[in-house]
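Observations on chain architecture
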Amino acid sequence: MKSAVETLNPTRVRLTVEVPFEELKDSLDAAYKKINQQVTVKGFRKGKIPARVIDQRFGRGAVLEEAVNDALPKFYTEAVTEAEVDPLGQPEVDITELKDGETLNFTAEVDVRPTIEIPDFSGIEVEVDPIEVTDEDVEKSVEQLRERFASTSPVERAAQDGDVVTIDLEAKVDGEVLEDGVADGVSYTIGSGELLDGIDEAVKGLEAGGEATFTSELKGGSAAGKEAEVTVKVTQVAQRELPELDDDFAQLASEFDTLDELKADSRKRLENMKQYDQATQAQERVLDALLGLVEVPVPEKLLEDEINTRKHNLEHHQLGQMGLDLEKYLEIQGKTAEEFETETREAAVKGIKTQFVLDELVKREQLNVNQEELTEHLMRRAASSGMSPDQFAQAVVEQGQVPLLVGEVARGKALAVVVEKATVKDTNGEIVDLSDDEDEETEAATDAADAADAAEEKTEG
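Residues numbered from 1 in each chain as written. Predicted model: local features only at pLDDT ≥ 70, side-chain atom pairs only at ≥ 80, totals over all residues. Heavy atoms only, no water.

Re the environment of Pro91
Structurally, Pro91 is set in strand β3 (residues 87-99). Residues Pro91 and Gly175, spaced 84 residues apart in sequence, show a C-alpha to C-alpha distance of 58 Å. Other than its neighbours up to four places away in sequence, Pro91 contacts Tyr76, Ala108, Glu109 and Val110. (Helix = DSSP H or I, 4+ residues; strand = E, 2+ residues; numbered from the N terminus. Contact = heavy atoms within 4.5 Å.)

Concerning helix α12 (residues 389-398)
What α12 keeps buried is the set Phe392, Ala395 and Val396. Taken down its axis, α12 places every buried residue within 100° of arc, on the same side. Counted as exposed and oriented over 90 degrees from the buried face of α12: Asp390, Val397 and Glu398. Structurally, α12 contributes buried residues whose contacts are with α11 (371-385) and α13 (402-421). (Buried < 20%, exposed > 50% of the residue type's maximum accessible area, 1.4 Å probe, protein only. Arc of directions from axis to C-beta.)

Brief notes about the pattern of salt bridges
Using the criterion set out here, one finds 35 salt bridges in the structure. Across the salt bridge formed by Glu92 and Arg12, the nearest N and O atoms sit 3.5 Å from each other. Here Glu92, found in strand β3, pairs with Arg12, found in strand β2 (residues 12-20); they are 80 residues apart in sequence, far enough to count as distant. Taking relative accessible area as the criterion, Arg12 reaches 15% and is therefore assigned buried. A salt bridge links Arg12 to Asp111, with the shortest nitrogen-to-oxygen separation between them at 3.0 Å. Placement of Arg12 in strand β2 and of Asp111 in strand β4 (residues 103-112) is noted, with a sequence separation of 99 residues between them. An identical accessibility class is assigned to Arg12 and Asp111; each is buried. (Salt bridge = Lys/Arg side-chain N within 4 Å of Asp/Glu carboxyl O.)

Brief notes about the packing of aromatic side chains
Enumeration over the complete set of coordinates arrives at one aromatic pair. Note on Phe149 and Phe249: the rings are 6.1 Å apart at their centroids and 90° apart in plane angle, and the pair reads as edge-to-face. In this pair, Phe149 is assigned in the loop between α4 (135-148) and β6 (151-154) and Phe249 in helix α6 (residues 247-253), connecting sequence segments 100 residues apart. (Phe/Tyr/Trp six-rings, centres within 6.5 Å; stacked < 30°, edge-to-face > 60°.)

Have a look at this one:
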């Protein structure tokens, strides 16, 4: 076999392959054997039909077609290896010449991973938010905890903001009560915004036994997105009572003996959260700066596939679970279809570039992923998916996605290398030291590379 490679553009090549006919012998034998098992010819036992009879009865062309289809993947793979290219996705194959007993010639056009030159990135500087926890932040945190320990007691008065009302609901569309439009005994905190638009105004001022009707757009169910006439009846009004903020509350709501200890712990927790957010922000901004230094051509077909994948996931998974369609989603977001298309394309481009650049860094820095790192990452992914680690691991293995997880961890480590050499300052001009946040860096780097994960399966091919 002889092959040659022609570069069509930075992300696409054409392989030209010439195969001597004798190299098709194994595939021809396999083709005759396969056809033998599929057909019957009077006078011959199944599987024992001579080749010349198969040629006479079914045509030599059918045998050649079967043999070529069998042989092409092997010859294509050999040509890819010989040309030292890194293909993305499936090739477009064109058989240019097939002469029985003489030769098989074909071309294969395929997208390839572009050659990327990564310049010195040690001069990258980024700015992040400072870690500042105010007394007001601590008070708000403690107040949220206090809200969780609130109790309620029925009152004989009109409902007002903050009260918990028990209500019965009935929704009508075009004068007809919906099958899934009736709900009794619903508990609702006035002002929480957790139910329908307009319900707060409808129930405020009503006592137990009071009733009101209002119009609202349904957020879910069989008539999601439609205007409905909703009747609400209040069956009980209850007043929320918050516990006193004292040492007794600290002992009730935490493992601490005093309110001061609880507040100190709240401050520490908030500082840790802000520290994590700061590390994540640093990762993302360093990544943006790195991408700005590198010229990364993006294969057009890979880009279109990634855009379509993102749209499909949004429309058929995320929005479907929310009872929304794309048109309604864009209305809520205040975006036009053109703005959505632009944003989706930009995100897809960034995701693919991220993968290419970080993968190149993994190769250049010779970064490896050990079992402990993979296990830790798997457990984080399992937690975010709502599955147990065992269930998630089994699903990953069954779907052949272990290489994808390894790639995520490796790209996280690659980005951590860049962050380590970058200068990170907060907006107060203070140098931010991320050296003690190795675990957080890896996780944040994985998050930064998540945009590229959807493209990973295509690039594996």
